[in-house]
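Structural overview
What follows is each chain in one-letter form.
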Amino acid sequence: MKNLIQNINKAFDHRIRLGIMSVLMVNESADFNMLKELLGVTDGNLASHTKALENEEYIMIEKQFIGKKPNTRYIATATGKKAFQDHIEALEKLISKS
């Protein structure tokens, strides 16, 4: 059984991180408000989970101003995309063996 779960990535254990990466896999980028609305999370939850993914170098965070309003944008890195794809494949293998 250990062989079946060895490629499951602990960074994606939490549903919010799984959601963030899912959104970023199908979009070039997503801003803070888009992720917050899609995932139905609080500002603090989203900030802590995006920071965790940034620490793993799975996402990049870009901060800018649009007019006078701050805007934070998230982009999945090549490393993050590969790690997430490997995670999904590991889950699919686990499900198919059950």
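Residues numbered from 1 in each chain as written. Predicted model: local features only at pLDDT ≥ 70, side-chain atom pairs only at ≥ 80, totals over all residues. Heavy atoms only, no water.

As named in an unreviewed UniProt entry, the protein is Transcriptional regulator, taken from Flavobacterium rivulicola.

**What to know about the nonpolar core**
Phe12, Ile20, Met21, Leu24, Leu35, Leu53 and Tyr58 are the most contacted members of the largest nonpolar core, which has 19 residues in total. Those elements that provide at least two residues to this core are helix H2 (15–26), helix H3 (32–39), helix H4 (43–55), strand E3 (69–76) and helix H5 (78–97). Ranked by residue count, the leading element in this core is H2, at five residues. Apart from residues lying up to four places away in sequence, Phe12 is in contact with Leu18, Met21, Leu53, Tyr58, Gly80, Ala83, Phe84 and His87. (Core = buried A, V, L, I, M, F, W, Y, C linked by side-chain atoms within 4.5 Å. Buried < 20%, exposed > 50% of the residue type's maximum accessible area, 1.4 Å probe, protein only. Helix = DSSP H or I, 4+ residues; strand = E, 2+ residues; numbered from the N terminus. Contact = heavy atoms within 4.5 Å.)

**Quick look at the pairing of E3**
The pairing of strand E1 (residues 30–31) with E3 spans two bridges and is antiparallel. Residue pairing in the sheet places Asp31 in a bridge with Arg73 of E3. Bridge analysis of strand E2 (residues 59–66) against E3 gives eight bridges, and the strand direction is antiparallel. What sits directly across from Ile66, in E3, is Lys69. What sits between the antiparallel neighbours E2 and E3 is a turn of two residues, in which Gly67 has the positive phi angle 70°. (Pairing = 2+ DSSP bridges.)

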